[in-house]
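Structural overview
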Amino acid sequence: MRAKLTIGPNLFHWPAEEKRDFYFQIADEAPVDTVYVGEVVCAKRTPYFEPYYDEVAERLKRGGKEVIFSTLAEVMIRRDSASVAALCALPDAMIEANDASALWYLSGRPHAIGALMNVYGEDTLSFLAGKGARNFALPAEISAATIRALAAKGGELGVGIEVTVYGRVSLALSSRCYHARAHRRTKDDCGYVCELDRDGLELRTLQGKPFLAVNGIQTLSHGCTNLLREIPELRAMGVTGYRLSPHSKDMVAIARLFRAVLDDALSPLDAAPRLAALGPSMPFVNGFYHHVEGYRWVEA
Amino acid sequence: MQQRDTTILTRPNLVCPAGTPAALRTAVDAGADEVYCGFQNATNARNFPGLNFTRDELRESVAYAHDHGARVLLATNTFAPGDATGLWRQAIDDGIRCQVDAVIVADIGVAHYVATRYPAQRLHLSVQAGASSPEAIRYYCREFGVKRVVLPRILTVKEIKAVHDEIPCEIEVFIFGNIGMMAEGRCSLTNYATGISTNTDGVCSPAHHVHYVEDGERNLTTMLGDFTIDCFAAGQSAGYPTICKGRYFAAGRDDEYYAFEEPRSLNLTSLLPELMRAGVSALKIEGRQRSRAYVQAVVSAFRKAVDDYLAGREPELDSLLALTEGHKETQGAFGEKRWR
């Protein structure tokens, strides 16, 4: 089975036109199979980009990409619920659930499970597959041994198993907006300050060490996942999808590198320095995969 | 003393923590309606050394509670990773053999196991499941027959009331104790810094990764793994290093600040009548890692406060502040939306 390369949901609040142009470029130039579209972090951002959904989805489909809409990860208030309900009501659309609210609507028909759903074990995987889940983007913090078990179960059940191989890691969600807090504001009065940081707002320790990145209610890692060199092992496990989480980098070039490695046209060792040259501002990490501290970089 | 209108206050269950059999007996004696506890392994979210129950201890503890009119809830509320589901199934089997009154779960696979293997067993949805909307809660009720949901500590009382009106199960809320800043069950910060997962290993900020570094002037730096969480001048009392209560620098700000929250404890004592009017069935006290003395003091204070409210008396609430973290308290998200 040909490995799928995917573009995960854009976690950041870029100006709407900039985001639209990002998807247009992916549609026209990136060698990816599937693109996830939709606001997963904060429903307050949704009205900005929502008017572009049709245009973006159309362009992506014309570019030969499968389009999947990804739902909000933390659903608390009516605005959030409404956002999930609206996506799940889209006719003929494939929806990726990031919260049990979406499962309320999607259970019983074909859908996907997002990386912000807690699918850690094979019992959960089997149950959800039995209710119509066709693809599972696995949580970021799981290790190779767990991925292996889930990929084996996924193969048995005939569902896709997707692993995030590039991008900052989502480490936590909160009800409070930390972007607003950094700017001495509150969530209701946020002024959309998250728009100022294309890849998140960096937090350093009191000793000046980069640690985390704030993205609204979400806390991300400072380090950027890079599983380029683990791809042969992931393929041997039966992982079917390889997700790139969007950043303000040259995502087309990054997609081409991963595509080349997935197609065995480029060795991971040759690709690694080229990837580093494309994303120098964030150190690479792969600790979760190797079952050590997530911020670590383990030489494969 | 001013009398209050009590006609619409229904009696909520007081749900208390127990890290040891002795703490469980203490909580029961102090007036707990329900006590929650877990086994000595990764199946519960307070998997600390020296804490929690063996199978025999649980059996004896359940008998003690039942003899005194209290119920025991088994927390099996972490996530079973990969093919390691046996440990979680075993915990459920053992708990049910010990005749616990309810099991508290977060993992969909574990919930499914309980619902199919033990359909008569009362099932509670843990806060770790992160079900914060009516649709999410209804999903768990529909699929697994959940009878009670423990709400994440992120909703205001008004929002809790709205949720209550839209779901078919009971609501349990945290009223006192440690307050995590992140949505429970959705935080990998500890794993990022220590390699230990809160969701699958059941530990947040594990003690064996905590370091206190003192300099020549007796200033103290608290660390988790390789990361500084906070610094304290000589003589200041240093808090336990938890990532979401540390101080950091943010790009564009020149001061160090609590990027998430200051170290404070949750104390909703003064909101109790409102919570009871909002239809909350169970009031939960955090702290399975706490001492018997703490459990005794907090449980009896809340027992009295709840009973006073029910009887139309204004309770004495000040004693609880002394038990909060650093003697600083907050109503968190429960009081008002601006907290977010």
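These figures come from a predicted structure and were not determined experimentally. (Residues numbered from 1 in each chain as written. Chains lettered and ligands numbered in written order. Predicted model: local features only at pLDDT ≥ 70, side-chain atom pairs only at ≥ 80, totals over all residues. Heavy atoms only, no water.)

Of note, Thr71 of chain A is situated in the loop between strand 3 (66–70) and helix 4 (78–88). The exposure class assigned to Thr71 of chain A is buried, which follows from its relative accessible area of 0%. (Helix = DSSP H or I, 4+ residues; strand = E, 2+ residues; numbered from the N terminus. Buried < 20%, exposed > 50% of the residue type's maximum accessible area, 1.4 Å probe, protein only.)

The next subject is empty space enclosed by the protein. Residue and element names in this part refer to chain A. Applying the stated criterion across every chain yields a total of 8 cavities of 30 Å³ or more. Here the largest cavity is characterised by a volume of approximately 560 Å³. Around the largest cavity sit 40 residues that line it, and Ala115, Pro139, Ala140, Val169 and Ser170 are the ones nearest its centre. In terms of residue count, the dominant contributor to the lining of the largest cavity is strand 7 (residues 160–174) (9 residues). A per-class count over the lining of the largest cavity returns 21 nonpolar, 14 polar and 5 charged. Put simply, the second largest cavity is a space of about 140 Å³. Counted by class, the lining of the second largest cavity contains 10 nonpolar, 3 polar and 2 charged residues. (1 Å grid on protein atoms, 1.4 Å probe; cavity = no way out; pocket = protein on both sides within 12 Å on 5 of 7 lines; lining within 4 Å. Points joined across faces, edges and corners; volume = space filled by probe spheres on them. Nonpolar A, V, L, I, M, F, W, Y, C, P; charged D, E, K, R; others polar.)

It is worth spelling out the nonpolar core at this point. Ranked by internal contacts, the top residues of the largest apolar core, which has 183 residues, are Phe136 of chain A together with Ile175 of chain B. Among residues more than four places away in sequence, those in contact with Phe136 of chain A are Ile113, Val119, Leu125, Leu128, Ala129, Val159, Gly160, Ile161 and Glu162 of chain A. Core analysis: the next-biggest nonpolar cluster, separate from the first, contains 30 residues, Leu201, Leu212, Val285 and Tyr295 of chain A among them. (Core = buried A, V, L, I, M, F, W, Y, C linked by side-chain atoms within 4.5 Å. Contact = heavy atoms within 4.5 Å.)

Here we take up the interface of chain A and chain B. Taken together, the contact pairs 67 residues of chain A with 69 residues of chain B. Of the roughly 6000 Å² buried between chain A and chain B on both sides combined, carbon and sulfur atoms contribute 55%. The largest per-residue losses of area from chain A upon contact with chain B belong to Trp104, Leu206 and Phe211 of chain A, which jointly make up 13% of the total buried on that side. Linking chain A with chain B are 6 salt bridges. In this structure, the salt-bridge partner of Asp255 of chain B is Arg184 of chain A, at a minimum N-O distance of 3.3 Å. In terms of residue class, the side of chain A that touches chain B is built from 31 nonpolar, 19 polar and 17 charged. As judged from the 2 bridges shared by strand 8 (residues 201–204) of chain A and strand 12 (residues 247–250) of chain B, these two strands associate in the antiparallel manner. Counterpart to Leu203 of chain A in the pairing with strand 12 of chain B is Ala250 of chain B. (Buried area = accessible area lost by both parts, 1.4 Å probe. Salt bridge = Lys/Arg side-chain N within 4 Å of Asp/Glu carboxyl O. Pairing = 2+ DSSP bridges.)

All names here are of chain A. Residue placement: Val169 occurs in strand 7. C-alpha separation for the pair Val169 and Leu87, spaced 82 residues apart in sequence, amounts to 25 Å. Excluding residues within four positions of it along the chain, Val169 makes contact with Ala140, Thr219, Leu220, Ser221, Gly223, Thr225 and Phe288.

This part is about the side chain of Asn191 of chain B. Relative to the elements of secondary structure, Asn191 of chain B occurs in helix 7 (residues 189–194). Taking relative accessible area as the criterion, Asn191 of chain B reaches 4% and is therefore assigned buried. The contacts of Asn191 of chain B, once residues within four sequence positions are left out, are Glu141, Phe288, Val292, Glu293 and Gly294 of chain A together with Ile196 and Ser197 of chain B.

The final tally for this structure, using the stated rule, is 45 salt bridges over all chains. Two residues, Arg89 of chain B and Asp123 of chain A, come together in a salt bridge whose shortest N-O distance is 2.9 Å. With Arg89 of chain B in helix 3 (residues 86–97) and Asp123 of chain A in helix 6 (residues 122–130), the pair connects residues from two separate chains. According to the relative accessible area criterion, Arg89 of chain B is partly exposed, its value standing at 35%. Overall, the relative accessible area of 18% leaves Asp123 of chain A in the buried class. Salt-bridge contacts for Arg204 of chain A lead to Glu202 of chain A; the nearest nitrogen and oxygen are separated by 3.0 Å. A residue is classified by how much of its surface remains accessible, and Arg204 of chain A, at 34% relative accessible area, is partly exposed. Connected via shared salt-bridge partners are Glu34, Arg71, Arg122, Arg148, Glu170, Glu172 and Lys284 of chain B.

Attention shifts here to the domain arrangement of chain B. Residues and elements named next belong to chain B. Each domain of chain B was delimited in the assignment, giving domain 1 (13–179 + 264–339) and domain 2 (189–258). Summarising the inter-unit geometry, the C-alpha centres of domain 1 and domain 2 are found 27 Å apart. Taken together, the contact between domain 1 and domain 2 spans 15 residues of the former and 8 residues of the latter. When the two sides are added together, the surface that domain 1 and domain 2 hide from each other amounts to roughly 760 Å², 46% of it contributed by carbon and sulfur. Broken down residue by residue, the surface that domain 1 buries against domain 2 is led by Asn47, Phe48 and Phe79, which jointly contribute 39%. Connecting domain 1 to domain 2 are 0 salt bridges. Applying the counting rule to domain 1 against domain 2 returns 4 residue pairs in polar contact (both at pLDDT 80 or more). Grouping the constituent residues of the side of domain 1 that touches domain 2 by class yields 7 nonpolar, 5 polar and 3 charged. (Domains from an automatic or database assignment. Polar contact = N/O pair within 3.5 Å; in protein donor to acceptor, adjacent residues only side chain to side chain.)

With that out of the way, let us pick up the layout of surface pockets. Counted as a void, the largest pocket has a volume near 1100 Å³. Lining the largest pocket are 47 residues, with Arg46, Phe48, Asn178, Cys204 and Glu286 of chain B sitting closest to its centre. If you list the elements that add at least two residues to the lining of the largest pocket, you get strand 7 (170–178), strand 8 (182–187), helix 7 and helix 8 (198–201) of chain B. It is strand 8 of chain B that provides the largest number of residues to the lining of the largest pocket, a total of 5 residues. In the lining of the largest pocket, the residues fall into 22 nonpolar, 16 polar and 9 charged. Each of two domains, domain 1 (13–179 + 264–339) and domain 2 (189–258) of chain B, supplies a minimum of three residues to the lining of the largest pocket. In this structure, the second largest pocket occupies an estimated 390 Å³ of space. Along the walls of the second largest pocket sit 19 residues, with Ile77 and Arg78 of chain A together with Lys158, Glu159 and Ala162 of chain B positioned nearest its centre.

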